Amino acid sequence: MSSIQTVGIIGSGTMGNGIAQACATSGLRVVMVDIAQAAVDKGLATVAGSLDRLIKKEKMTAADKDQALALIKGSTNYDDLKGAQLVIEAATENEGLKVKILQQLDTLLAPEVIVATNTSSISITKLAAATQRPDRFIGMHFFNPVPMMALVEIIRGLQTSDATHDAVKAMAEALGKTPITVKNAPGFVVNRILVPMINEAFFVLAEGIATAEDIDAGMKLGCNQPIGPLALADMIGLDVCLAVMNVYMAEYNDSKYRPAPLLKEMVAAGWLGRKTGKGVYTY
């Protein structure tokens, strides 16, 4: 399998432009495609702003920035993806939309091109089955913000070949990331452990065992977490946490994934965290 020199990215939102930045600063050519030119321009502007902050922190030079930006081509045309050895789909977390994009790629890309999806919740095996290259399909779950976060979960579908896995793992390492290999299962590794921990924090809060501040202080100081689980829930969005727990409950059919009643109540109230100005805390 040829080494990966050009990466196609579908979606120029938070994840797409973050992946584009990580690739370009590592010397890979990038083609970032989105539906509307305005979205592409916004994605490119976000990367430029992010690189400017790195210059301010003296983590890169202006010449490094120019070099990285020169490696990113923004486009609204899927045909521009033809030169890529790897195409990463980073569109909205919607199964129907992802399947439509993947099927569009099948007709366009040469058979040996690897296709990856940056999903955090949709079955890799199921998405692979919708493509004509299931052995060359894989999950690459980057974490937000992509340029800062060292982890990439590499998720193998039932159909993913060893060669595909090895090529994508090597590419993640070339980006300076630390990949972990994961079998396809709801929540993969990190969110499977993280979101039930957040859910448990809501049970503890509802039982009046400690205040929100003390629960968060306990987990920060006792488990060395940079942010407490309740403050993190407010950052992620309480609605998102609840949706994830509902998926685990449905998929695993195990009562340990029962969403905390307080979490459900707060979502019903519209207290979703930072994005609404109120969640566990007031912003």
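Residues numbered from 1 in each chain as written. Predicted model: local features only at pLDDT ≥ 70, side-chain atom pairs only at ≥ 80, totals over all residues. Heavy atoms only, no water.

Student: Explain the side chain of Asn17 residue by residue, including any values.
Tutor: When you line up the elements, Asn17 lands in helix H1 (residues 14–25). Reaching out from Asn17, the side chain makes a polar contact with the backbone oxygen of Ser12 at a distance of 3.2 Å. (Helix = DSSP H or I, 4+ residues; strand = E, 2+ residues; numbered from the N terminus. Polar contact = N/O pair within 3.5 Å; in protein donor to acceptor, adjacent residues only side chain to side chain.)

Student: Give me the sheet that holds strand S6 (residues 137–142): which residues, what numbers.
Tutor: Strands in a sheet are paired, the pairing made by backbone hydrogen bonds, and the direction either parallel or antiparallel. The sheet built from eight strands is open, its strands ordered S3-S2-S1-S4-S5-S6-S7-S8 with mixed pairing. The sheet is open, and its two edges are formed by strand S3 (72–75) and strand S8 (178–183), each paired on a single side. Between one strand axis and the next, the sheet turns through 25 degrees on average, direction left out of account. Alignment of strand S2 (residues 29–33) against S3, held across four bridges, turns out to be parallel. Across the sheet, residue Met32 finds its bridge partner in S3, namely Gly74. Together, strand S1 (6–10), strand S4 (86–89), strand S5 (114–117) and S6 form the strand contacts of helix H4 (residues 95–108), whose direction differs from that of S4 by roughly 160 degrees. Running at roughly 25 degrees to S6, helix H6 (residues 162–174) makes contact with S1, S4, S5, S6, strand S7 (151–156) and S8 of the sheet. (Pairing = 2+ DSSP bridges. Axes fitted to C-alpha atoms, helices over the stretch in contact; angles between N-to-C directions. Contact = heavy atoms within 4.5 Å.)

Student: Lay out a nonpolar patch on the surface in plain terms, naming residues and giving numbers.
Tutor: There is a patch of nonpolar side chains on the surface, built from Met235, Ile236 and Val240 and spanning about 230 Å² of accessible area. Mapped onto the elements of the fold, Met235 is located in helix H9 (residues 229–236). (Patch = residues over 30% accessible without salt bridge, like charges linked within 9 Å, V, L, I, M, F, W, Y side chains within 5 Å. Areas by Shrake-Rupley, 256 points an atom, 1.4 Å probe, with all protein chains shown as cover. Salt bridge = Lys/Arg side-chain N within 4 Å of Asp/Glu carboxyl O.)

Student: Break down the environment of Asp162 for me, citing the residues and quoting the values.
Tutor: Tracing the backbone shows Asp162 in helix H6. A sequence separation of 27 residues divides Asp162 from Asp135, and the C-alpha atoms of the two residues are 8.7 Å apart. Among the polar contacts made by the side chain of Asp162, one reaches the side chain of Arg156 at a distance of 2.7 Å.

Student: Break down the pattern of salt bridges for me, citing the residues and quoting the values.
Tutor: All chains considered together, the criterion is met by nine salt bridges. Note that Asp52 and Lys65 form a salt bridge whose closest N and O atoms lie 2.8 Å from each other. Remark: Lys65 occurs in helix H3 (residues 62–70) and Asp52 occurs in helix H2 (residues 37–56); sequence separation between them is 13 residues. With relative accessibility at 32%, the residue Asp52 sits in the partly exposed group. Given a relative accessible area of 16%, Lys65 falls into the buried group. Salt-bridge contacts for Arg156 lead to Asp162; the nearest nitrogen and oxygen are separated by 2.7 Å. Where salt bridges share partners, they join Glu89, Glu93 and Lys98 into one cluster. (Buried < 20%, exposed > 50% of the residue type's maximum accessible area, 1.4 Å probe, protein only.)

Student: Break down the packing of aromatic side chains for me, with residues and values.
Tutor: One pass over the full model with this rule turns up three aromatic pairs. Between the aromatic rings of Tyr248 and Tyr252, the centroid separation amounts to 6.2 Å while the plane-to-plane angle is 65 degrees, which identifies the pairing as edge-to-face. In this pair, Tyr248 and Tyr252 are both assigned in helix H10 (residues 238–252), four residues apart and thus about one turn of the helix distant. A residue is classified by how much of its surface remains accessible, and Tyr252, at 25% relative accessible area, is partly exposed. Between Tyr248 and Tyr257, the aromatic rings sit 5.6 Å apart at their centres with planes inclined by 70 degrees, giving edge-to-face as the arrangement. A relative accessible area of 2% means that Tyr248 is categorised as buried. Three or more aromatic residues joined by ring pairs form one cluster here, namely Tyr248, Tyr252 and Tyr257. Positioned above the aromatic ring of Trp271 is the side chain of Lys278, whose terminal nitrogen or guanidinium carbon lies 4.4 Å from the ring centre. (Phe/Tyr/Trp six-rings, centres within 6.5 Å; stacked < 30°, edge-to-face > 60°. Lys NZ or Arg CZ within 6 Å of the ring centre and 35° of its normal.)

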